[in-house]
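# Analysis of the macromolecular model
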Amino acid sequence: MRSSHIQYVELSLEGASLRRQTITLPPSLAPLAKNEQIQQRLRTTYQLISDHSKINDKPLHDTLNRIRKEFTHTVKSLGGNVMLRSKQDAMEKQLKTLENDLEVYRAKLEQNLEGEIAKSLDQLTSALLPLVTRQPPPELRNGCLGEKPTRPEAERWLRHELGKSFPRVEALVKQIELKKTYKDVTFDSLNKPSLQAELQEAFPAIEWKKPFTEFAAAKAAE
């Protein structure tokens, strides 16, 4: 038996937070990152896109957080977020608007992300080139014509190696998704001593004693 009044709901916006994504150095360059001073120097350039980028996912997350706040509540006794089943259609209308905004965001990414990634690659190359020139990794030292690589040779090799770590624009755009999961709250889940008080706190406009009495009667009849 399920609850006719509440249901579990989980909402998440995945793959949109590109500012949080960082670049992992390829194995050939990993030794350079072991030095603490080098780590501090490169911390900002490890980002996929810079903090000054015009690509901004914050409005999307702000909208989703507002929808969560308006429709859902965390109920510890149920171990998750719940909403009123009768409000699902109203929430879906707002989520549809968010999905439309997400489509616009994806389109802008496809137009601008290639350039943003190129800027990040330039920054990371500039930061690492002096280190690579001074201490050429074995792969570079044994892959150039002379005893030591020239600066142009080191830069070409470095760009090639770093390029392996940068994701493709198509893959980044494809992974951006608004996920929605609805699940029934069973009678057994409702049969918890503290639940009625928690629901009363979450949805104070509803007199929860009546629904609980109805469920108890229905379960007894069953």
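See the structure printed just above.
Keep in mind the model is a prediction, meaning the values are calculated, not measured.

Quick notes on the rules
- Residues numbered from 1 in each chain as written.
- Predicted model: local features only at pLDDT ≥ 70, side-chain atom pairs only at ≥ 80, totals over all residues.
- Heavy atoms only, no water.
- Phe/Tyr/Trp six-rings, centres within 6.5 Å; stacked < 30°, edge-to-face > 60°.
- Lys NZ or Arg CZ within 6 Å of the ring centre and 35° of its normal.
- 1 Å grid on protein atoms, 1.4 Å probe; cavity = no way out; pocket = protein on both sides within 12 Å on 5 of 7 lines; lining within 4 Å.
- Points joined across faces, edges and corners; volume = space filled by probe spheres on them.
- Helix = DSSP H or I, 4+ residues; strand = E, 2+ residues; numbered from the N terminus.
- Nonpolar A, V, L, I, M, F, W, Y, C, P; charged D, E, K, R; others polar.
- Buried < 20%, exposed > 50% of the residue type's maximum accessible area, 1.4 Å probe, protein only.
- Polar contact = N/O pair within 3.5 Å; in protein donor to acceptor, adjacent residues only side chain to side chain.
- Contact = heavy atoms within 4.5 Å.
- Arc of directions from axis to C-beta.
- Axes fitted to C-alpha atoms, helices over the stretch in contact; angles between N-to-C directions.
- Parallel < 35°, antiparallel > 145°, perpendicular 65-115°, else oblique.

Once that is clear, we can look at the packing of aromatic side chains. Within this structure, the stated rule accounts for zero aromatic pairs. Its guanidinium or amino end placed over the ring of Y8, K183 lies 5.2 Å from that ring's centre, counting from NZ or CZ.

Glancing now at the layout of surface pockets. The computed volume of the largest pocket comes to approximately 230 Å³. Surrounding the largest pocket, K54, I55, N56, P59, L60, T63, D101, V104, Y105, K108, L109 and N112 form its lining. When contributions to the lining of the largest pocket are tallied by element, the ones reaching two or more residues are α2 (58–71) and α3 (88–134). Considering every element that reaches the lining of the largest pocket, the biggest residue donor is α3, with six residues. Split by residue class, the lining of the largest pocket holds six nonpolar, three polar and three charged.

With that settled, consider the side chain of S17. With respect to the helices, strands and loops of the structure, S17 is situated in the loop between β1 (2–14) and α1 (36–42). A relative accessible area of 16% means that S17 is categorised as buried. Of note is the side chain of S17, whose polar atom sits 2.9 Å from the side chain of H61. With near-sequence residues (within four places) excluded, S17 lies in contact with D57 and H61.

It is worth spelling out helix α8 (residues 195–202) at this point. All of the buried residues along α8 are L195, L199 and A202. Looking down the long axis of α8, one finds its buried residues gathered within 60 degrees of arc, a one-sided arrangement. For α8, the exposed residues set more than 90 degrees away from the buried face come down to A197 and E201.

Okay, the packing of α2 against α3 next. The interhelical angle for the contact between α2 and α3, taken along N-to-C directions, is 175 degrees, at an axis separation of 10 Å. When the interaxial angle is binned, α2 and α3 end up roughly antiparallel. When α2 is examined against α3, the residues L60, T63, L64, R66, I67, E70 and F71 are found in contact with a partner set consisting of A90, M91, Q94, L95, L98, D101, L102 and Y105. Tallied by class, residues from the contact of α2 with α3 come to ten nonpolar, two polar and three charged.

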